[in-house]
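Below, each chain spelled out in residue letters.
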Amino acid sequence: MDVKRVKDYLYWLYYQYQLVTCSYVLEPWEQSMFHTITVTVLAMVVYTAYVFVPIHVRLALEFFSQIFGPRPESA
């Protein structure tokens, strides 16, 4: 891929982010605070999903395997 196209695409995504969040109307110090809080919240959501989702999936699989009983063995 062309580096310029990737750079333009990333700039376009950032511009879309600013339009959706209306952060382009904020002052520079407000923008930095807003972006910091947004990145922090996003990082916490990703970390929480990474830590707790596999545990809940495993527990759900154990629960449903107890309800529906053992699987029949193939001959």
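Residues numbered from 1 in each chain as written. Predicted model: local features only at pLDDT ≥ 70, side-chain atom pairs only at ≥ 80, totals over all residues. Heavy atoms only, no water.

Draft legend 1. Region of the structure containing the packing of aromatic side chains. Taken as a whole and judged by the stated rule, the model has four aromatic pairs. With a centroid separation of 6.0 Å and an interplanar angle of 25°, the aromatic rings of Tyr9 and Trp12 are classed as stacked. Linking Tyr9 with Trp12, this pair stays in helix H1 (residues 3–21), spanning three residues, or about one helical turn. By relative accessible area, Tyr9 is classed as partly exposed at 49%. Under the relative-accessibility criterion, Trp12 is labelled partly exposed at 44%. Seen in terms of ring centroids, Phe63 and Phe64 are 5.3 Å apart; in terms of plane orientation they differ by 70°. Their pairing is edge-to-face. Residue Phe63 is classed as partly exposed on the basis of its relative accessible area, which comes to 46%. (Phe/Tyr/Trp six-rings, centres within 6.5 Å; stacked < 30°, edge-to-face > 60°. Helix = DSSP H or I, 4+ residues; strand = E, 2+ residues; numbered from the N terminus. Buried < 20%, exposed > 50% of the residue type's maximum accessible area, 1.4 Å probe, protein only.)

Draft legend 2. Summary view of the side chain of Ser23. Mapped onto the secondary structure, Ser23 falls in the loop between H1 and helix H2 (28–68). Using a relative accessible area of 0% as the deciding quantity, one classes Ser23 as buried. Apart from the residues within four sequence positions on either side, Ser23 is in contact with Gln18, Gln31, Phe34 and His35. (Contact = heavy atoms within 4.5 Å.)

Draft legend 3. Quick look at the pattern of salt bridges. Across all of its chains, the model carries two salt bridges by this definition. The closest approach of N and O atoms between Asp8 and Lys4, which form a salt bridge, is 3.2 Å. With a gap of four residues between them, Asp8 and Lys4 both fall in helix H1, about one helical turn apart. Here Lys4 falls in the exposed class, since its relative accessible area comes to 55%. (Salt bridge = Lys/Arg side-chain N within 4 Å of Asp/Glu carboxyl O.)

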